[in-house]
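Chain and residue survey
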Amino acid sequence: MTSIRDQYCSNATCEFYGKKLCGNVVVHGRAYERFKCKVCGRTWAASRCNGMYGLRSEVWKLTSVRKMLSDGASVRKTAELVHVSPSTVQRWKMRKINPVPLDGVTFFNS
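Residues numbered from 1 in each chain as written. Predicted model: local features only at pLDDT ≥ 70, side-chain atom pairs only at ≥ 80, totals over all residues. Heavy atoms only, no water.

1. Some remarks on the sheet that holds strand β3 (residues 43-45)
Read from one edge of the open sheet, three strands run β1-β2-β3, paired in antiparallel fashion. In the strand order of this sheet, the two ends are held by β1 (25-29) and β3, each with one partner. Sheet twist, expressed as the average angle between the axes of neighbouring strands with direction ignored, equals 35 degrees. Bridge count for β1 against strand β2 (residues 34-37) is four bridges, and the pairing is antiparallel. Residue pairing for β2: Val26 is matched across the bridge by Lys36. (Pairing = 2+ DSSP bridges. Helix = DSSP H or I, 4+ residues; strand = E, 2+ residues; numbered from the N terminus. Axes fitted to C-alpha atoms, helices over the stretch in contact; angles between N-to-C directions.)

2. Things to note about the confidence of the model for the protein
Here the protein shows a mean pLDDT of 77. Residues at 70 or above account for 77%. Per-element confidence in the protein is highest for helix α2 (residues 75-82), whose mean pLDDT is 94, and lowest for strand β4 (residues 101-102), whose mean pLDDT is 44. This stretch, residues 98-110, has a pLDDT under 50; its non-local contacts, to residues over four places away or in other chains, come to 31 contacts. (pLDDT = per-residue confidence, 0-100. Contact = heavy atoms within 4.5 Å.)

3. A short note on the nonpolar core
Judged by nonpolar contacts, Leu62, Val65, Leu69, Val75, Ala79, Val82, Val84, Val89 and Trp92 together constitute the single largest core of nine residues. Ranked by size, the runner-up nonpolar core spans seven residues in total, among them Cys9, Cys14, Cys37 and Ala46. (Core = buried A, V, L, I, M, F, W, Y, C linked by side-chain atoms within 4.5 Å. Buried < 20%, exposed > 50% of the residue type's maximum accessible area, 1.4 Å probe, protein only.)

4. Notes on the environment of Ala73
Note on placement: Ala73 falls in the loop between α1 (59-70) and α2. Judged by its relative accessible area of 31%, Ala73 is partly exposed. Discounting residues that sit within four places of it in the chain, Ala73 has contacts with Met68 and Thr78.

5. Notes on the pattern of salt bridges
A pair can form between side chains of opposite charge whenever their charged atoms are brought close. Scanning the entire structure with this criterion turns up three salt bridges. Between Glu80 and Lys77 there is a salt bridge, with the nearest N and O atoms lying 3.7 Å from each other. With Glu80 and Lys77 both in helix α2, this residue pair falls three residues apart, about one helical turn. Taking relative accessible area as the criterion, Lys77 reaches 39% and is therefore assigned partly exposed. (Salt bridge = Lys/Arg side-chain N within 4 Å of Asp/Glu carboxyl O.)

6. Some thoughts on the packing of α1 against α2
One can describe the packing of α1 onto α2 by two numbers: an axis separation of 10 Å at closest approach and a directional angle of 150 degrees. Of the two possible hands of crossing, α1 and α2 adopt the one that is right-handed. From α1, Trp60, Lys61, Ser64, Val65, Met68 and Leu69 reach across to α2, where they touch Val75, Thr78, Leu81 and Val82. Of the residues in the contact of α1 with α2, the class split is seven nonpolar, two polar and one charged. (Left-handed = near helix turned anticlockwise from the far one by under 90°. Nonpolar A, V, L, I, M, F, W, Y, C, P; charged D, E, K, R; others polar.)

And the structure:
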């Protein structure tokens, strides 16, 4: 679970833009870890800066694909081993996901 202490408003027009621990951020939803700025009203998901934001696949599949591709496996072989379509693996690869450490591995350095 993401701490509210790590959250900040990303609205450039908000007076608390980029500032942490100012008391303007409140929990907006518990099921999906959403937050809200009390000043400007902007809402966001805790995982907004995570490269896997919006992907609906299981985390283990994403980390497996990350590991296999970084070890030099082909897209087709990776897809076969993880039981997803090769186009899915290619889409994840081309998404150029931000290097976010997950289990000590960085996802798609580019």
